[in-house]
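Report on the structure
One-letter residues, chain by chain:
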Protein chains: 2
Amino acid sequence: MFGGRLEKILKASGLGVRFKLVADTEKSKSIETAVSVIRDLAHYDRRKQVFILAFGGGVVGDLAGFIASIYKRGIPYIQVPTTLLAQVDSAIGGKTGVDLAEGKNLIGAIYQPRLVLSDVRFLKTLSRRQMRTGLAEVIKYAIIKDKELFSYLEARYNDVFRGSPDELQHIIKRCSKIKADIVSCDEREEKKIRTILNFGHTVGHAIEAASSYKGHNHGEAIALGILVASDISQKVKLLSAKTAQRIENLIRLAGLPRKIKKASLDAVINAHYRDKKFIGAKNRFVLIEALGKTKIIENIPLGIIREAIRKRLNPA
Amino acid sequence: MFGGRLEKILKASGLGVRFKLVADTEKSKSIETAVSVIRDLAHYDRRKQVFILAFGGGVVGDLAGFIASIYKRGIPYIQVPTTLLAQVDSAIGGKTGVDLAEGKNLIGAIYQPRLVLSDVRFLKTLSRRQMRTGLAEVIKYAIIKDKELFSYLEARYNDVFRGSPDELQHIIKRCSKIKADIVSCDEREEKKIRTILNFGHTVGHAIEAASSYKGHNHGEAIALGILVASDISQKVKLLSAKTAQRIENLIRLAGLPRKIKKASLDAVINAHYRDKKFIGAKNRFVLIEALGKTKIIENIPLGIIREAIRKRLNPA
């Protein structure tokens, strides 16, 4: 829909343009696709100064960013994310990568784009399910860093979901700012600052992996991961029942799932233990004490984790 | 020769060790080898904190460093270079990469090792030709940044070439320091500081490429590239005939070639124009005004370049 216009605009500014279409499915995030794009680029790029413009969702951004990071040891690139999930989260922060059979994003780089250009008009073409998957990350940002944004979402939920441009622009701006601030303090996750972005992701990733990425999509799994992290926070006496209830309620309003489908408790627990962030014998969770206030806790007893996950399983 | 001892020492310090042998030829610098090592690593690395130790020459260092840069978006690595060329040059500065059919090092990253550990005892196993290829880079460092090192090489040439540990240690220390200082000012070659390390490399790379990397090895081609750059410096009235003569003399003493074999003038010129550093319509050369004093010059007339290269061809 927007590709033709993009080409026209770029050519009108005097730039040489070469399009490379990539299917927007996780399968495109492979080293083979990356190498094939690079070969193309090497033939095209004789005595030119080239840059890459990643126009698409998270898959395109991750792949294009990774290609930019390794071609000639790094060329400039620009992110133009076209999904809500990419605009509020994946296009910002420089995490790029491709998957291996052995695990997702096992090959990649931290490599920052020169510019991230998000336009709410792109979101008009998204399905309701695609919008919801982005909202899961928006809710995450509100919970970990911005209680005003949380209240805003509670109050204006209908406008946001109807795709009102003003409300969407507001939340994209807030989320982008939060992520950019965090990443610029701790780009390589060495100071436990960037770590809080993993809130809801520890169990969320395990839920995605346990159904071999065929059950819940990323945002849905993250919503479930948020609920589990919130339950654990309550069980270890960090979080009040009232706040936990507000979180569950907002996730319900967003149309995101509160029950895990197509995965057993053991499958989720096993996938959790295979997580690439799981180092040594310790587990590590980002929990919350209140809206906007996180705490990183290690060595949560397995019983508590199991109980919180079991609560989210459909009765067998 | 040293592999077994290395394994014993590492295990004695309580580290888990997994060896991966890679043939020390340019063919190993492929994306296929990199992915195969990474797959192995992913199977080995369940809930461990891993790092890579690159033990070998330039090929091993470039490949291992690239793997470290992209595995899980970057894990730590250590360089233990075992050739003179790697100890004085390639192991320092973080340039890593693999080759494509379309060009050398087209895929790679700038990614610094945590430590570079050079021990002159490794050099005892090198052939005279391998030592000479390292000396070409040593001479380059002396010319661009250290006239005392140049005089030192002229004076103690016999000891250096006989492999006297004290002399070798002195030159490795000097060259490492020069490179580390330059790289830490301009890691990504954005300020024309790191650029001077390319002295002799513009035409040197073209000589390697023109014989499809089957004629001169890297150091030999660089020696020829230094002679061409020095001739051009003289022709554009930057450099005195006397200094140019000292440079040619030191290269002769080092046993390095002063004539190009197995490549025609046109092949070298064409390869030069395909160089990945050649941007837009301009050529760019690192030239010298005196020992230790470089100057970057753009748009050298093609006639001067051809004349300087022709001087180094064997009479047809």
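These remarks concern the structure in this document. Source: prediction; values computed, not measured.

Residue and element names in this part refer to chain A. What the rule picks out here adds up to 53 salt bridges over all chains. The partner of Arg306 in a salt bridge is Asp266, with the nearest N and O atoms 3.4 Å apart. Placement of Arg306 in helix H13 (residues 302-310) and of Asp266 in helix H12 (residues 265-273) is noted, with a sequence separation of 40 residues between them. Take Asp266: its relative accessible area is 45%, and that puts it in the partly exposed class.

So, on to the side chain of A:His216. As for its position among the elements, A:His216 is in the loop between helix H9 (201-210) and helix H10 (218-235). In contact with A:His216, not counting residues within four places along its chain, are A:Arg129, A:Ile207, A:Glu208, A:Ser211, A:Ala221, A:Leu224, A:Pro257, A:Lys259, A:Ile260 and A:Lys261.

This part covers the sheet that holds strand E2 (residues 77-81) of chain B. Strand pairs in the sheet, formed through backbone hydrogen bonds, run parallel or antiparallel to each other. All names here are of chain B. Taken in spatial order, the three strands of this open sheet run E1-E2-E5, and their pairing is parallel. Every interior strand has two partners, whereas the edge strands, strand E1 (52-56) and strand E5 (115-116), have only one. Bridge count for E2 against E5 is two bridges, and the pairing is parallel. When the bridges of E5 are listed, Ile78 appears paired with Leu115. Of the strands in this sheet, E1 and E2 are in contact with helix H3 (residues 58-70), which crosses E1 at around 170°.

Next up on the list: the sheet that holds strand E2 (residues 77-81) of chain A. Residues and elements named next belong to chain A. Taken in spatial order, the three strands of this open sheet run E1-E2-E5, and their pairing is parallel. Pairing within the sheet leaves two strands with one partner each, and these edge strands are strand E1 (52-56) and strand E5 (115-116). Of the strands in this sheet, E1 and E2 are in contact with helix H3 (residues 58-70), which crosses E1 at around 165°.

Time to look at the interface of chain B and chain A. Listed by partner, the interface residues are 35 residues for chain B and 35 residues for chain A. Both faces considered, chain B and chain A share a buried interface measuring about 3300 Å² in area, 56% of it formed by carbon and sulfur atoms. The interface formed by chain B and chain A includes two salt bridges. Counting across the interface, chain B meets chain A through twelve residue pairs in polar contact (both at pLDDT 80 or more). For the side of chain B that touches chain A, the secondary-structure elements that each account for two or more residues are helix H2 (31-44), H3, strand E3 (95-100) and strand E4 (103-110) of chain B. Residue composition of the side of chain B that touches chain A, grouped by class: 18 nonpolar, eight polar and nine charged.

It is worth spelling out the packing of aromatic side chains at this point. Tallied over the full model, the rule gives six aromatic pairs over all chains. Relative to B:Tyr111, the ring of B:Tyr77 has its centre 5.8 Å away and its plane inclined at 10°; by these criteria the two rings are stacked. Linking B:Tyr77 in strand E2 with B:Tyr111 in the loop between E4 and E5, this pair joins segments that are 34 residues apart in sequence. Across the pair, B:Tyr111 and B:Tyr77 agree in class, each one buried. Over the aromatic face of A:Tyr141 sits the side chain of A:Lys140, whose NZ or CZ is 4.5 Å from the ring centroid.

For helix H11 (residues 241-253) of chain A, which comprises 13 residues, the first-to-last C-alpha distance of 18 Å matches the rise-based estimate of 18 Å (1.5 Å per residue) to within 8%. A:Gly255 occupies a position one or two residues after H11(A) and carries a positive phi of about 75°.

Mapping chain B onto chain A is achieved by rotating through 180° and translating by 0.0 Å along the same axis, at an RMSD of 0.0 Å. One copy is carried onto the other by what is essentially a two-fold rotation axis. A shared binding surface is used by both copies, with 97% of the interface residues of chain B retained as interface residues in chain A.

The next subject is the nonpolar core. In terms of nonpolar packing, the biggest core is built from 52 residues, with A:Phe66, A:Ile107, B:Phe66 and B:Ile107 touching the most fellow members. Ignoring sequence-local partners within four residues, the contact set of B:Phe66 consists of A:Ile70, B:Ile31, B:Ala34, B:Thr96, B:Gly97, B:Val98, B:Ile107, B:Gly108 and B:Ala109.

Residue and element names in this part refer to chain A. Following the sequence through the fold, Asp24 ends up in the loop between helix H1 (3-12) and helix H2 (31-44). A relative accessible area of 47% means that Asp24 is categorised as partly exposed. If we ignore the near neighbours within four places in the chain, the residues touching Asp24 are Gly57, Val59 and Val60.

Bringing the packing of helix H6 (residues 147-162) of chain B against helix H7 (residues 165-185) of chain B into the picture now. Residues and elements named next belong to chain B. Here H6 crosses H7 at 150°, and the two axes come no closer than 10 Å. In terms of orientation, H6 lies roughly antiparallel with respect to H7. At the point where H6 passes H7, the crossing takes the left-handed sense. When H6 is examined against H7, the residues Glu148, Leu149, Tyr152, Leu153, Arg156, Asp159 and Val160 are found in contact with a partner set consisting of Glu167, Leu168, His170, Ile171, Arg174 and Cys175. Counted by class, the contact of H6 with H7 contains seven nonpolar, one polar and five charged residues.

Reading guide: rules and limits
- Residues numbered from 1 in each chain as written.
- Chains lettered and ligands numbered in written order.
- Predicted model: local features only at pLDDT ≥ 70, side-chain atom pairs only at ≥ 80, totals over all residues.
- Heavy atoms only, no water.
- Salt bridge = Lys/Arg side-chain N within 4 Å of Asp/Glu carboxyl O.
- Helix = DSSP H or I, 4+ residues; strand = E, 2+ residues; numbered from the N terminus.
- Buried < 20%, exposed > 50% of the residue type's maximum accessible area, 1.4 Å probe, protein only.
- Contact = heavy atoms within 4.5 Å.
- Pairing = 2+ DSSP bridges.
- Axes fitted to C-alpha atoms, helices over the stretch in contact; angles between N-to-C directions.
- Buried area = accessible area lost by both parts, 1.4 Å probe.
- Polar contact = N/O pair within 3.5 Å; in protein donor to acceptor, adjacent residues only side chain to side chain.
- Nonpolar A, V, L, I, M, F, W, Y, C, P; charged D, E, K, R; others polar.
- Phe/Tyr/Trp six-rings, centres within 6.5 Å; stacked < 30°, edge-to-face > 60°.
- Lys NZ or Arg CZ within 6 Å of the ring centre and 35° of its normal.
- Expected span 1.5 Å × (residues − 1).
- Least-squares fit on C-alpha atoms with pLDDT ≥ 70 in both.
- Core = buried A, V, L, I, M, F, W, Y, C linked by side-chain atoms within 4.5 Å.
- Parallel < 35°, antiparallel > 145°, perpendicular 65-115°, else oblique.
- Left-handed = near helix turned anticlockwise from the far one by under 90°.

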